[in-house]
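Close look at the chain arrangement
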Amino acid sequence: MLSVLNSSRPFTDSPSPAWLKSFRERLLRWFVAHRRDLPWRKTRDPYAIWVSEVMLQQTQVATVEAYFSRFLASFPTIAALAAADEQQVLRHWEGLGYYRRARQLHRAAQVVVAEHGGVFPREIDVVRSLPGIGRYTAGAILSIAHDDPHPILEANTFRLLARLLAYRDDPRSNAGQTRLWSFAEQLLPKRDVGAFNQALMELGALICTPRAPRCDECSVAQLCPTRAQGLQAEIPPPVRKVAFESVRAAAVVVEKDDTVLVVCNPAGERWAGMWDFPRFELRGEGPTTVEQELAAQVAERTGIKVRLQRSFATLKHGVTRYRITLDAWLATARGGRLARNAWSPRWVTMDELHELPLSTTARKIAKLIAAMR
DNA sequence: AAGCCGGGGTC
DNA sequence: GACCCAGGCTT
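What follows is about the nonpolar core. Within the largest apolar cluster, 44 residues are counted, with the highest numbers of intra-cluster contacts made by Y47, W50, M55, F71, W93 and F120. Contributing elements (two or more residues each) for this core: helix 2 (46–55), helix 3 (61–74), helix 4 (78–83), helix 5 (86–93), helix 6 (100–116) and helix 8 (135–146). When near neighbours in sequence (up to four residues on either side) are disregarded, F120 contacts P46, W50, I78, V112, V127, L130, I133, I141 and L142. Grouped together as the second largest cluster of nonpolar side chains are 36 residues, W19, L161, L164 and A184 included.

What follows is the structure, encoded as structure tokens:
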């Protein structure tokens, strides 16, 4: 029997029935005893699970918890979400990042209402066709909500399965992805697919960690060829570093009486649908001063003539591959009228500002000026 | 296959 | 700063 489960020689084709049986039993037994009590594990509602899965895309569990409960409280059903203003949806997403997810989720809810009577579809291809839902998210929702037999592959299972296969080639390549998805499919049990998929992720998250995996606590350690060969640090190989690009930008806080000037980023622009102080990248070229350059840009975008006062803060902000240094300027209005253009410039009070969805940097600046008053 | 999305948290 | 994260989408 031990020879069947010999973990030092990884199987190259498919795992034996004995290996599969042992793996599934050990994994599920561990999961029952150690699963975290996460908010989205209290429901089998496909909609709630959908929301959690989208929030969890490239975002850590601890970050999502508070957002999830707040979002479901405000938008308890697909119909409620579909009927909501995009601004409201974005306000609930503020601080979570990758705001395209929120707009796609909102749009997808409207598709479900229009084309599926408000009922989340059960066919994997239909689910995958919804905006913001790819192979992982579709499989996760349908397996967790309905125990439908779909495999999953994401950050945790990617690492876990690569190690269970002792996969020495590049697991991120096309061939590697194909191999891991195929393995994920082979692993699927007949029943309790949702618990099984969550158990795979949970083991990856809590035990089979990127660095210094807790193999001595791992319920499937004796089935793991990577552990047998001591290759945990090599499998999977670390991702290559990205080269960051430095950007200098300025945001202008124009004050008039007890209001400030804000704009709404139009569709196609960064932070689409979210409000911001007029903000511009600084070229640092030409004969004009920064003050003149900014005043000209504010006037062009908002119609308001301003005089720059002073830079009162510098924010360092990293987003994707950019490193942004953002100077926050104070300015006073000198006339002009609000332009009627795609940027929808508006004067708002601090109370109104509080209700609008703001970019992270805009929210920080809003807090700064609130504290200055 | 690679790069982008203009994020955010952690250590 | 390096590293990581319950990915999706475009080219």
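So, next bit.
With an omega dihedral of -10°, the bond running from I235 to P236 counts as a cis peptide bond. Following the sequence through the fold, P236 ends up in the loop between helix 12 (225–228) and strand 1 (245–256). Phi is positive for A212, close to 50°, though the residue is something other than glycine. In this fold, A212 is placed in the loop between helix 11 (193–206) and helix 12. With a relative accessible area of 66%, A212 lands in the exposed category. At T320, a residue that is not glycine, the phi angle is positive and equals roughly 40°. Overall, the relative accessible area of 55% leaves T320 in the exposed class.

Near DNA strand B lie 22 residues; those nearest to it are Q58, N174, W271, Y322 and T360. Protein-adjacent atoms of DNA strand B, using a 4 Å cutoff, are sugar or phosphate at a proportion of 55%. In the environment of DNA strand B, a base oxygen lies 3.2 Å from a nitrogen or oxygen atom belonging to the side chain of R270. T360 is positioned such that a nitrogen or oxygen atom in its side chain is 2.3 Å from a phosphate oxygen of DNA strand B. Considered class by class, the residues forming the surface near DNA strand B number six nonpolar, 10 polar and six charged.

This brings us to the layout of surface pockets. One simple way to see leftover space: roll a probe sized like a water molecule over the atoms. The space that makes up the largest pocket amounts to roughly 1,600 Å³. What lines the largest pocket is a set of 39 residues, among which Q58, E154, A155, N156 and R159 lie closest to the centre. Elements that contribute at least two residues to the lining of the largest pocket include exactly helix 2, helix 3, helix 8, helix 9 (155–164) and helix 11. For the lining of the largest pocket, a count of residues per class yields 20 nonpolar, nine polar and 10 charged.

The next thing to look at is the packing of helix 2 against helix 6. Close contact between helix 2 and helix 6 brings their axes to 10 Å; oriented N to C, the two are set at 155°. Classed by the angle they form, the pair helix 2 and helix 6 counts as roughly antiparallel. In terms of crossing hand, the pair formed by helix 2 and helix 6 is right-handed. Taking contact as the criterion, the partners of W50, V51, V54 and M55 in helix 2 are, on helix 6, R101, L105, A108, A109 and V112. Split by residue class, the contact of helix 2 with helix 6 holds eight nonpolar, no polar and one charged.

Turning to empty space enclosed by the protein, a few remarks are in order. Taken as a whole, this structure holds two cavities of 30 Å³ or more when the rule is applied. If you add up the space inside the largest cavity, you get close to 120 Å³. Considering the residues around the largest cavity, the lining is formed by 14 residues, among which C208, C215, C218, A221 and C224 are closest to the centre. For the lining of the largest cavity, the element with the most residues is helix 9, which contributes three residues. The computed volume of the second largest cavity comes to approximately 30 Å³. Along the walls of the second largest cavity sit W50, V54, Q57, R101, Q104, L105, P131, G132 and I133, which together make up its complete lining.

Let's shift gears to the protein's contact with DNA strand C. Among the 26 residues in the neighbourhood of DNA strand C, the closest are listed as Q58, G132, T137, A155 and R159. Restricting the count to atoms of DNA strand C within 4 Å of the protein gives a sugar and phosphate share of 65%. The contact in question runs from a phosphate oxygen of DNA strand C to an N or O atom on the side chain of T137, over 2.5 Å. For DNA strand C, a phosphate oxygen lies 2.6 Å from a polar atom in the side chain of R159. Contributing elements (two or more residues each) for the surface near DNA strand C: helix 8 and helix 9. When the residues that make up the surface near DNA strand C are grouped by side-chain class, the tally is 10 nonpolar, nine polar and seven charged.

Definitions and cut-offs
Residues numbered from 1 in each chain as written. Chains lettered and ligands numbered in written order. Predicted model: local features only at pLDDT ≥ 70, side-chain atom pairs only at ≥ 80, totals over all residues. Heavy atoms only, no water. Core = buried A, V, L, I, M, F, W, Y, C linked by side-chain atoms within 4.5 Å. Buried < 20%, exposed > 50% of the residue type's maximum accessible area, 1.4 Å probe, protein only. Helix = DSSP H or I, 4+ residues; strand = E, 2+ residues; numbered from the N terminus. Contact = heavy atoms within 4.5 Å. Near = heavy atom within 4 Å. Polar contact = N/O pair within 3.5 Å; in protein donor to acceptor, adjacent residues only side chain to side chain. Nonpolar A, V, L, I, M, F, W, Y, C, P; charged D, E, K, R; others polar. 1 Å grid on protein atoms, 1.4 Å probe; cavity = no way out; pocket = protein on both sides within 12 Å on 5 of 7 lines; lining within 4 Å. Points joined across faces, edges and corners; volume = space filled by probe spheres on them. Axes fitted to C-alpha atoms, helices over the stretch in contact; angles between N-to-C directions. Parallel < 35°, antiparallel > 145°, perpendicular 65-115°, else oblique. Left-handed = near helix turned anticlockwise from the far one by under 90°.

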